[in-house]
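Remarks on the overall topology
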Amino acid sequence: MPSPDPLIEAALAARERAHAPYSRFKVGAALEDEHGRVFTGCNVENATYGLTMCAERVAVFKAVSEGAGKLKRVAVAADTGTLTPPCGACRQILWEFAADAELILVNLAGKQESLSVKSIFPRPFDASFV
Ligand code: THU
């Protein structure tokens, strides 16, 4: 049995803290920066529905506001057979701060896949246009 990846464990633990009483769809995210610091996030829903914030963006905003270095790895955990990828809005935010990062998707059954943020966001709108 391979030793558990602390970043994946952090994403799974963050998922448990999700505030998702409306969708009941819990997501956890964990980011690792170049110094090995880890920042986590869970989805935080709201009775208005529209103000819901995804786990990935919570994690990115926490990381940025807490002075993270270059983001190297992103882990996303959800309880789905087909691994849950970041939504479109989260891809745009990840692009801004973690374009070169590895993206690891996991579920509760231990299934996991490693890909790149780049591979899921092929034609980004970014600072080069502004
Ligand atoms: N959600 C995330 O947190 N991340 C994703 O990548 C997909 C969707 C959340 C938003 C909402 O609280 C719930 O999952 C259902 O869409």
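First, a word on what this report is: a plain description of the structure on this page. (Residues numbered from 1 in each chain as written. Predicted model: local features only at pLDDT ≥ 70, side-chain atom pairs only at ≥ 80, totals over all residues. Heavy atoms only, no water.)

This part is about helix 1 (residues 6-16). Considered for burial, the residues of helix 1 that qualify are L7, I8, A10, A11, A14 and R15. Taken end-on, helix 1 shows its buried residues confined to a sector of 160 degrees, consistent with a single buried face. Exposed residues lying more than 90 degrees from the buried face of helix 1 are P6 and E16. Those residues of helix 1 hidden inside the fold are in contact with strand 1 (27-33), strand 2 (38-42), strand 3 (71-78), strand 4 (102-106) and strand 5 (112-116). (Buried < 20%, exposed > 50% of the residue type's maximum accessible area, 1.4 Å probe, protein only. Helix = DSSP H or I, 4+ residues; strand = E, 2+ residues; numbered from the N terminus. Arc of directions from axis to C-beta. Contact = heavy atoms within 4.5 Å.)

Topologically, R15 is positioned in helix 1. For R15, a relative accessible area of 8% translates into the label buried. Among the polar contacts listed, one links the side chain of R15 to the backbone oxygen of K26, at a separation of 3.1 Å. Non-local contacts of R15, meaning those with residues more than four positions away in its chain, are made with K26, V27, G28, A77, A78, D79 and L108. (Polar contact = N/O pair within 3.5 Å; in protein donor to acceptor, adjacent residues only side chain to side chain.)

Geometry of an aromatic ring pair is reported as the spacing of the ring centres plus the angle between the planes. Considering all chains together, one arrives at 3 aromatic pairs under this definition. Residues W95 and F121 carry aromatic rings whose centres are separated by 5.9 Å and whose planes lie at 55 degrees to one another, so their mutual orientation is tilted. Of the two residues, W95 sits in helix 3 (residues 88-98) while F121 sits in the segment after strand 5, which places them 26 residues apart along the sequence. Owing to a relative accessible area of 15%, W95 belongs among the buried residues under this scheme. For the ring pair F125 and F129, a centre distance of 5.4 Å and an interplane angle of 15 degrees mean the geometry is stacked. What makes F125 partly exposed here is its relative accessible area of 49%. For F129, a relative accessible area of 57% puts it in the exposed group. (Phe/Tyr/Trp six-rings, centres within 6.5 Å; stacked < 30°, edge-to-face > 60°.)

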